[in-house]
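Below, each chain spelled out in residue letters.
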Amino acid sequence: MSDLTVAVSEPTFKRLFAKVRDNVTESTAGSADFGPFSASWNVGFKLQGGTVDLQNDGTVRISELDVVYTPLQLSLGLDIPEVCVGGFCIIPNPFGGCILRAPRICVFSADPDISLPINLSGLITTEISGAFRIKTRYRVDPNRTATMTNLDAEDAHVANKWQLLLDPVWLDIDPIDIPDTVGNILDTAINNAVDALLGWLPGWARDLIKAILGSIANLIRAILDIGDDIQEWLSNLLGVSIGILNFVATTVADYFANRYPLFEFEDPYPILGYDGPLIPVKVPVLDLAVSVSDTEMALTANVGG
Amino acid sequence: MPARINTHALRQIQIESGSLGILGSLAHPLGDEGDYVGIVSKNDAQVAAFRLRVDGKVSVPQVDVDLAGLLPEAKGRAERHREPAYVVTQKGYLVLLVSQGPGGFSVSVEKVATDKSKPQRVYDSRSLQRGDVFIVTPLRPGSYDMTDSVGKAKGHIRVAYPEVATGRYEPPAPVTVTVTERGFNPAKVELRAAQSVVFQIESSNASLIVNLAEPDEGPYKKGARSDSFRWTNPTPPGRRDEEKTPGKKS
């Protein structure tokens, strides 16, 4: 039988979890070539909300934890086709082909590129849910030297610690939910890019280029392969092609399992602090174990040694 | 690549067969087999040359010579002093075009001397010959005058303002105009946006000029569109003053 048992109620556990959750914040940047277009991004996220349930099978279930993306800046780069006229056959060859063909006149140089900056910061959320086991870890501070006593280590804030961490069993992330307004943001980005490209030309020249290309917005949507559903396209681009969902899942797993403990305490555990000439009283904690039921988390340990 | 727009194509409003630019290309049928030298001039100063072999044994029906590409500044250092050489079949076409820049080119073609003959000038692009084809694509909408400065023929071209639609636009097939000693046929041409005119030369000597007489600015015409929106307070100024006066009964 253990020397010590401490029970943590579910409401207290939820407060411990909230502290961990609020510490999670991470960002990444990257770029990739997707053939017809390229994308670069700067993505960060934080966690909000969520419900916590202790389970009888010894796990902790966390549901509907909101992943709020901020910043979420995306820049799409694509080539729009040349705008050329001419190239028609003047004298056809009766046996096939063409004897004399008119030269082509190109108003645009080959494949001019266009950049669409899209700022979706704070507009997009996903929900993440998962099951976790509580794992214990004994941490020796890497800054603690071999010659330090336990008192030296406490004074230098490098004491050894017992830690409780949330070790994920599985994590589920819902597809990225894109609000309707994002369609307008993309359209605005397209219009701004076209204005930047052609805005300095006289009106008739802009209209000539737009006439030859057709609707540039439609053309860009076709190059990006957006189809009818821009929300689904962007959700797929962010979640799968760019891999934001994988980034969030691995980051959340790493934060909970390795970087932010649910709870930690010093070992040896300080019972009494400095009192005049008396040095602190510290009790070594051994064999820390944790169990979870649907009402509480229980810690057991032996002391002394 | 950053967007580069061929501004010379958008700026050119006078298209001349004797001074070739982006919007006017010239096709000349080649006759006798043999070796030729093309001498390229820009604004009447000789700037480049090329070699041309007319050989009935080859099957190349036309050779496109980009005159802007022959300028020393357009070539790499290694190519700068090398004359490009082309081969085309007998009865094929020498096509003179300008892909960029302000234009102003003309070309004279000389047959290279052989044991039996002296060098001989066989063609000068400033003077169109029977069988030549001058291809013009006026981009700017509006009314153009077309004239043959040799035969004194005159005519008109109207280029419609482009209509922006959702789909891509393909200009219609070119309109063919024959140039004879009697004039242009037809003498009035209606073009849609970016549609070309092909002048078939059937006179012994011609020099064509297509010149913008009156541009069509479409919706950008002065006074055709208001750029700003003005809101006017519907309450007359007198009434506004009354409402602001405290304690005054209405």
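Placed above this text is the structure.
Criteria and cut-off values
- Residues numbered from 1 in each chain as written.
- Chains lettered and ligands numbered in written order.
- Predicted model: local features only at pLDDT ≥ 70, side-chain atom pairs only at ≥ 80, totals over all residues.
- Heavy atoms only, no water.
- Disulfide = S-S within 2.5 Å.
- Helix = DSSP H or I, 4+ residues; strand = E, 2+ residues; numbered from the N terminus.
- Buried < 20%, exposed > 50% of the residue type's maximum accessible area, 1.4 Å probe, protein only.
- Axes fitted to C-alpha atoms, helices over the stretch in contact; angles between N-to-C directions.
- Parallel < 35°, antiparallel > 145°, perpendicular 65-115°, else oblique.
- Left-handed = near helix turned anticlockwise from the far one by under 90°.
- Contact = heavy atoms within 4.5 Å.
- Salt bridge = Lys/Arg side-chain N within 4 Å of Asp/Glu carboxyl O.

## Concerning the state of the cysteines
All names here are of chain A. According to the stated counting rule, one finds 2 disulfides over all chains in the structure shown. A disulfide bridge connects cysteine 84 with cysteine 106, and the sulfur atoms are separated by 2.0 Å. Disulfide cysteine 84-cysteine 106: the torsion about the S-S bond is 100 degrees, which places it as right-handed. Placement of the pair is cysteine 84 in strand β5 (residues 84-86) and cysteine 106 in strand β8 (residues 104-106), with a sequence separation of 22 residues. Here cysteine 84 falls in the buried class, since its relative accessible area comes to 15%. One disulfide in the model links cysteine 89 with cysteine 98; its S-S distance is 2.1 Å. Of note, the bridge from cysteine 89 to cysteine 98 carries an S-S torsion of about 100 degrees and is right-handed in sense.

## Quick notes on the packing of helix α3 (residues 181-198) of chain A against helix α5 (residues 216-223) of chain A
Residues and elements named next belong to chain A. Contact geometry of α3 with α5 gives a least axis separation of 10 Å together with a crossing angle of 115 degrees. The angle between α3 and α5 places the two elements in the roughly perpendicular class. The element α3 and its partner α5 pack so that their crossing is right-handed. Mapping the contact onto sequence places Gly183, Asp187, Ile190, Val194 and Leu198 in α3 and Ile216, Ala217, Ile220 and Arg221 in α5.

## Some remarks on the pattern of salt bridges
Taken as a whole and judged by the stated rule, the model has 14 salt bridges over all chains. Among the salt bridges present, the one from aspartate 22 of chain A reaches arginine 21 of chain A, with a minimum N-O distance of 3.0 Å. Take aspartate 22 of chain A: its relative accessible area is 51%, and that puts it in the exposed class. Under the relative-accessibility criterion, arginine 21 of chain A is labelled buried at 15%. Taking the shortest distance from any N to any O, the salt bridge between arginine 126 of chain B and aspartate 44 of chain B comes out at 3.4 Å.

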